[in-house]
Amino acid sequence: MEKQNGIPIRLKQITNIRDGFRKETVALETEGFYYIKENAVYLQFEEQQELGKVNTVMKITDHEVVVMRSGAVRMRHVFRKTEETTGHYHTPFGQWTIKTKTDNIEFRYNEKRKKGHLFLSYQLEMQNEQAGRHAMTIMFKEA
């Protein structure tokens with residue numbers, strides 16, 4: 001991962017997916033960076049997937065979360081509370097159109113404890129097919 005002018009963090013991401021009767025939980029623990037630029041907070045981290053390495057940058061503002069992924073998976077998607085947004089998801093196997101209806105976005109950072117928390121819940125649609133309700137929680141603290 002490229003060195004940023006950010007604060008090294010330890011990050012844990014838990015995504016709960018409900019699709020009808022199917023429930024799935026995906027967890028990731030990794031290291032990354034936290035930094036502030038203008039009016040936005042950025043989280044940058046890397047994950048190893050079956051397809052290869054994926055670099056993720058999340059830009060968090062008062063009104064939206066932008067997820068930018070590069071590497072084995074490419075994606076840029078904007079989540080805005082109570083809004084429906086459209087993006088694209090690219091893998092070596094093809095490209096899919098994704099649509100989300102974001103229910104909630106919550107972000108907190110405790111300066112004293114050097115810990116942060118991002119919660120994002122949304123309904124996902126891929127290629128015009130419902131893909132369930134997702135609830136993603138990211139907790140991070142200075143390393």
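Residues numbered from 1 in each chain as written. Predicted model: local features only at pLDDT ≥ 70, side-chain atom pairs only at ≥ 80, totals over all residues. Heavy atoms only, no water.

Participant: Would you mind showing me how to read the pattern of salt bridges here?
Facilitator: Under the criterion given, the structure shown has 11 salt bridges. Through salt bridges with shared partners, one network takes in Asp19, Arg22 and Glu24. (Salt bridge = Lys/Arg side-chain N within 4 Å of Asp/Glu carboxyl O.)

Participant: Is there a simple way to explain the pairing of strand E2 (residues 22-37) in this structure?
Facilitator: Every regular strand shows the same layout, with side chains that alternate between the two sheet faces. Two elements, strand E1 (residues 7-19) and E2, share 13 bridges in a ladder whose sense is antiparallel. If you follow Thr15 over to E2, its bridge partner there is Val26. Linking E1 back to E2 in an antiparallel pair, the connection comprises two residues, with Gly20 at a positive phi of about 65°. Bridging between E2 and strand E3 (residues 40-49) involves six bridges; their strand directions are antiparallel. Across the sheet, the residue bridging to Ile36 is Val41, located in E3. (Pairing = 2+ DSSP bridges. Helix = DSSP H or I, 4+ residues; strand = E, 2+ residues; numbered from the N terminus.)

Participant: Is there a simple way to explain the packing of aromatic side chains in this structure?
Facilitator: For any two aromatic rings, the description comes down to two numbers: the centre-to-centre distance and the angle of the planes. Scanning the model with the defined rule gives seven aromatic pairs in all. Relative to Tyr42, the ring of Tyr35 has its centre 5.1 Å away and its plane inclined at 5°; by these criteria the two rings are stacked. Under the relative-accessibility criterion, Tyr35 is labelled buried at 17%. Owing to a relative accessible area of 13%, Tyr42 belongs among the buried residues under this scheme. Aromatic pair Tyr109 and Phe140: ring centres 5.9 Å apart, planes at 20°, arrangement stacked. With Tyr109 in strand E8 (residues 94-110) and Phe140 in strand E10 (residues 129-142), the pair connects residues that are 31 residues apart, well separated along the chain. Classification of Tyr109 by relative accessible area gives partly exposed; the value is 22%. Linked through ring pairs, Tyr34, Phe107, Tyr109 and Phe140 together constitute an aromatic cluster. (Phe/Tyr/Trp six-rings, centres within 6.5 Å; stacked < 30°, edge-to-face > 60°. Buried < 20%, exposed > 50% of the residue type's maximum accessible area, 1.4 Å probe, protein only.)

Participant: How do you make sense of the nonpolar core when you look at a structure like this?
Facilitator: Side chains of a nonpolar character, in soluble globular proteins, are inclined to be buried together. Core analysis: the largest hydrophobic core is formed by 27 residues, its most contacted members being Leu43, Met58, Val65 and Ile138. Dropping the residues within four chain positions of it, Leu43 is found in contact with Ile9, Leu11, Phe33, Tyr34, Thr56, Val57, Met58, Ile60, Ile138 and Phe140. (Core = buried A, V, L, I, M, F, W, Y, C linked by side-chain atoms within 4.5 Å. Contact = heavy atoms within 4.5 Å.)

Participant: Quick question: what am I supposed to make of the environment of Arg10 here?
Facilitator: Locating Arg10 in the fold gives a position in strand E1. Considered as a pair, Arg10 and Thr30 are 20 residues apart in the sequence and their alpha carbons are 6.1 Å apart. There is a polar contact of 3.2 Å between the side chain of Arg10 and the backbone oxygen of Thr30. (Polar contact = N/O pair within 3.5 Å; in protein donor to acceptor, adjacent residues only side chain to side chain.)

Participant: For this particular structure, what's the right way to read a positive patch on the surface?
Facilitator: Together, Lys112, Arg113, Lys115 and Lys141 line one region of the surface with positive charge. When you line up the elements, Lys112 lands in the loop between E8 and strand E9 (115-126). Given a relative accessible area of 81%, Lys112 falls into the exposed group. (Patch = residues over 30% accessible without salt bridge, like charges linked within 9 Å, V, L, I, M, F, W, Y side chains within 5 Å. Areas by Shrake-Rupley, 256 points an atom, 1.4 Å probe, with all protein chains shown as cover. Lys, Arg positive; Asp, Glu negative; His and termini not counted. Charge placed at Lys NZ, Arg CZ, Asp CG, Glu CD.)

Participant: Sorry if this is basic, but what is going on with the side chain of Thr91 here?
Facilitator: Within the secondary structure, Thr91 is located in strand E7 (residues 84-91). By relative accessible area, Thr91 is classed as buried at 16%. Contact partners of Thr91, with chain neighbours within four places excluded, come to Leu51, Ala72, Val73 and Trp96.

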